[in-house]
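Chain residues, written in single-letter form:
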Amino acid sequence: MEHVPQAAGAAEARKAVAGRARRSVAGAGALVVVAALAYWLGSADGSGQEAAPRPSPTPTPSATLTVPDVYKRVGPSVVVIQAGKSLGTGVIAADDGTILTAHHVVKGAKDVNLTFADGTKAKAVVASSNPKRDVATLTPAKLPEIVVPATLGGGVAVGAPVVAIGNPLGLTYSVSTGVVSGLDRSAEQGDLSGLIQFDASVNPGSSGGPLLDARGLVVGIVVSIADPGGDEAFAGIAFAVPIGAALGGDEGDGPDGPRI
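Everything quoted here is computed from the prediction, not taken from an experiment.

Definitions and limits used
Residues numbered from 1 in each chain as written. Predicted model: local features only at pLDDT ≥ 70, side-chain atom pairs only at ≥ 80, totals over all residues. Heavy atoms only, no water. Helix = DSSP H or I, 4+ residues; strand = E, 2+ residues; numbered from the N terminus. Buried < 20%, exposed > 50% of the residue type's maximum accessible area, 1.4 Å probe, protein only. Contact = heavy atoms within 4.5 Å. Salt bridge = Lys/Arg side-chain N within 4 Å of Asp/Glu carboxyl O. Pairing = 2+ DSSP bridges. Axes fitted to C-alpha atoms, helices over the stretch in contact; angles between N-to-C directions. Core = buried A, V, L, I, M, F, W, Y, C linked by side-chain atoms within 4.5 Å. Patch = residues over 30% accessible without salt bridge, like charges linked within 9 Å, V, L, I, M, F, W, Y side chains within 5 Å. Areas by Shrake-Rupley, 256 points an atom, 1.4 Å probe, with all protein chains shown as cover. Arc of directions from axis to C-beta. Polar contact = N/O pair within 3.5 Å; in protein donor to acceptor, adjacent residues only side chain to side chain.

> Give me the lowdown on the overall build of the protein chain, citing residues and values where you can.
For the protein chain, the helix and strand inventory stands at 4 helices and 12 strands. Every one of the 260 residues in the protein chain was classed for burial, and the buried ones make up 38%. Taking the intrachain contacts of the protein chain between residues at least 6 apart in sequence as the baseline, contacts between residues at least 24 apart amount to 61%.

Right, dumping it as structure tokens:
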């Protein structure tokens, strides 16, 4: 058997390693080119023009959005609720289509009818109710082809911008903006407490709709307005149940009070 001297064997090994390294670098370069081409093809049409952005139902937690972007992101999650003579708003809160709304919107209603953002209509039943918090969840009998749940969570601070989406006075999918005016507030007659006070315009029909922060997160559920004139007209003071309280707390019968 022929033996190769040790020094020569080491030199040959270095050449082999160098060859493999060159091939690895070349392969990596090819992958970069392929990835870049795939990105270009995925983000442009056949003419090389930039393609329209694809909507995403999940906000980027650190991103501050414009109001049109908030509406574009969360609008598909908002639902029109007709419960007897009561008109309200809801927001899709889970992948299974569960809807979060205000308890007083569906209280005592025999028939609850939903209209989703894509026009799909469905019946719903009240799955859970918490009158003390004035929140309820609904289970739809039918879902739209694409279910877009909103992202729940996030805290608020006084002065922070907020967006409300709802159906005030039957004007469906209306958007209003404002700021958080105060925290840990009580609504009229003191039957609801720990509320977010905000000044984005809401009116009858807005109840149950989402209050959103600048990232598109649902930070509260709209439940009432201050009504010093007793005419159900917006006076610049509205209230929402913080989303943390809306998702928890004790169930039970609560006293009636002014609602929208």
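> Could you give an account of unusual backbone geometry, naming the residues involved and the relevant values?
Look at Asp-134: it is not a glycine, yet its phi comes out positive at around 60°. Looking at Asp-134, the relative accessible area reads 1%, which means it is buried. Of note in this structure, Tyr-173 is not a glycine but carries a positive phi near 55°. Inspection of the secondary structure puts Tyr-173 in the loop between strand 7 (161-166) and strand 8 (174-185). Relative accessible area serves as the criterion here: at 18%, Tyr-173 is assigned to the buried category.

> Hey, could you go over the pattern of salt bridges for me, with residue numbers and the actual values?
Two side chains with opposite charge may pair up if their charged atoms get near one another. With the rule as written, the count across this model stands at 1 salt bridge. As a salt-bridge pair, Asp-213 and Arg-215 come within 3.2 Å of each other at their nearest N and O atoms. Its relative accessible area of 8% is what places Asp-213 among the buried residues. Classification of Arg-215 by relative accessible area gives partly exposed; the value is 25%.

> Residue-level account of the sheet that holds strand 8, with values.
Here we have 6 strands rolled up into a closed barrel, ordered 7-8-9-12-11-10, and antiparallel in their pairing. Neighbour to neighbour, the strand axes of the sheet diverge by 45° on average, direction disregarded. Both strand 11 (residues 218-225) and strand 12 (residues 238-242) contribute to a ladder of 5 bridges, which runs antiparallel. Directly across from Gly-220, in strand 12, lies its bridge partner Pro-242. Against the sheet, helix 2 (residues 67-74) contacts strand 7, strand 8 and strand 10 (210-212), and its axis sits at roughly 45° relative to strand 7.

> Give me the nonpolar core: which residues, what numbers.
Ranked by internal contacts, the top residues of the largest apolar core, which has 40 residues, are Val-106, Val-112, Leu-114 and Leu-138. Broken down by element, the residue count for this core peaks at 5 residues, all from strand 1 (residues 78-83). Beyond its immediate chain neighbours, meaning those up to four positions away, Leu-114 contacts Val-79, Val-80, Ile-81, Ile-99, Thr-120, Lys-121, Ala-122, Lys-123, Ala-124, Leu-138 and Pro-140. The next biggest cluster of nonpolar side chains, apart from the first, holds 13 residues, and it includes Val-162, Val-180, Ala-200 and Val-222.

> Would you mind going over a nonpolar patch on the surface in detail, with residue names and values included?
Residues Val-67, Tyr-71 and Val-175 make up a contiguous nonpolar surface patch of about 210 Å² in total accessible area. Within the secondary structure, Val-67 sits in helix 2. Given the relative accessible area of 33%, Val-67 is considered partly exposed.

> Residue-level account of helix 2, with values.
Along helix 2, the positions that sit buried rather than exposed are Val-70, Arg-73 and Val-74. Along the long axis of helix 2, the arc covered by the buried residues comes to 80°, so they all point the same way. If you follow the buried residues of helix 2, they end up packed against strand 1, strand 7 and strand 10.

> Lay out the sheet that holds strand 4 (residues 112-115) with the relevant residues and their values.
With antiparallel pairing, the 6 strands of this closed barrel are ordered in space as 1-2-3-6-5-4. Taking each pair of neighbouring strands and ignoring which way they run, the sheet shows an average axis angle of 40°. Two strands pair when backbone bridges link them, and strand 4 and strand 5 (residues 121-130) are joined in this way by 4 bridges, in the antiparallel orientation. Each bridged residue has a counterpart across the sheet, and for Thr-115 the counterpart in strand 5 is Lys-121.

> Mind laying out the side chain of Ser-77, listing which residues take part and the relevant values?
Tracing the backbone shows Ser-77 in the loop between helix 2 and strand 1. Within polar-contact distance, the side chain of Ser-77 engages the backbone oxygen of Val-148 at 2.5 Å.

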